[in-house]
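Each chain, letter by letter, is given below.
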Amino acid sequence: MAQLYFRYSTMNAGKSTEVLKIAHNYEEQNKRVLLFTPSIDDRFGRGKITSRMGFQRDAIIINSQTDLFEIAKEKHPDCVLVDEGQFLTRGQVIVLTQIVDQLNIPVIVYGLKNDYRNRFFEGSEALLLFADKIEEIKAVCWHCHKKATMLIKYKDGKPVNEGPQIEIGGNDTYVSVCRKCYSQRVTLK
């Protein structure tokens, strides 16, 4: 029986690497996978899933017009993989549940749980509500050796906790930290 999985972490935990690894493992067994990535994440090119280790694959771009269900129904893969799931809408997450429930195709979504203000992204909140299985991928705090659960956003070398929720960036903009290091560097509201 197919299920919807949400595998979350902070940045630098290897989520995109995991997506690419799972796709490779399925294909090694002559199974078909569908890879999706939201259009908003264009750091390495639109329609690309790229790990920080340099591995990259093409993926179908998700935007407001993408009919995830019809694509999955037409291609009928053995698994659907989604990177950067935090950028999905609640409606898109519901469509992923329909792929699982009506087409009996497992869907595995990777993404951030919370933003740098320690608030849920729309997609992450919906995935936490609708996923059959929720799994945390561990990351290490940038400043100490505890488990990272939060993000700090930096502007001009200083931590900030205001501004738009979504601003695409890497280590130059965001670092993964534990709660203690987060609270020592960012004024909590």
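Preceding this paragraph is the structure being described.
In short, a report on the structure. (Residues numbered from 1 in each chain as written. Predicted model: local features only at pLDDT ≥ 70, side-chain atom pairs only at ≥ 80, totals over all residues. Heavy atoms only, no water.)

Attention now moves to a nonpolar patch on the surface. Judged by side-chain polarity, Ile-94, Leu-129 and Phe-130 come together as a nonpolar surface patch covering roughly 250 Å² of accessible area. Tracing the chain through its elements places Leu-129 in helix H4 (residues 122-130). (Patch = residues over 30% accessible without salt bridge, like charges linked within 9 Å, V, L, I, M, F, W, Y side chains within 5 Å. Areas by Shrake-Rupley, 256 points an atom, 1.4 Å probe, with all protein chains shown as cover. Salt bridge = Lys/Arg side-chain N within 4 Å of Asp/Glu carboxyl O. Helix = DSSP H or I, 4+ residues; strand = E, 2+ residues; numbered from the N terminus.)

What follows covers the nonpolar core. Counting residues in each nonpolar core, the largest one holds 24 residues, and the members touching the most others are Leu-4, Val-80, Val-82, Leu-96, Ile-99, Val-107 and Val-109. For this core, the secondary-structure elements that each account for two or more residues are strand E1 (4-9), strand E2 (33-38), helix H2 (68-75), strand E6 (79-82), helix H3 (90-103), strand E7 (107-112) and H4. It is H3 that contributes the most residues to this core, 5 residues altogether. Ile-99 has contacts with Leu-68, Phe-69, Ala-72, Val-80, Asn-104, Ile-105 and Val-107, leaving out every residue within four places of it along the chain. (Core = buried A, V, L, I, M, F, W, Y, C linked by side-chain atoms within 4.5 Å. Buried < 20%, exposed > 50% of the residue type's maximum accessible area, 1.4 Å probe, protein only. Contact = heavy atoms within 4.5 Å.)

Attention now goes to the state of the cysteines. For the structure shown, the criterion picks out 0 disulfides. Cysteine Cys-178 is unpaired, with the sulfur of Cys-181 as its nearest cysteine sulfur at 3.7 Å. The class for Cys-178 is buried, based on a relative accessible area of 3%. (Disulfide = S-S within 2.5 Å.)

In this section: the layout of surface pockets. Leftover empty space is mapped by rolling, across the atoms, a probe with the size of a water molecule. Here the second largest pocket is characterised by a volume of approximately 170 Å³. Along the walls of the second largest pocket sit 11 residues, with Asn-63, Ser-64, Phe-87, Thr-89 and Gln-92 positioned nearest its centre. Partitioned by chemical class, the residues of the lining of the second largest pocket number 5 nonpolar, 6 polar and no charged. (1 Å grid on protein atoms, 1.4 Å probe; cavity = no way out; pocket = protein on both sides within 12 Å on 5 of 7 lines; lining within 4 Å. Points joined across faces, edges and corners; volume = space filled by probe spheres on them. Nonpolar A, V, L, I, M, F, W, Y, C, P; charged D, E, K, R; others polar.)

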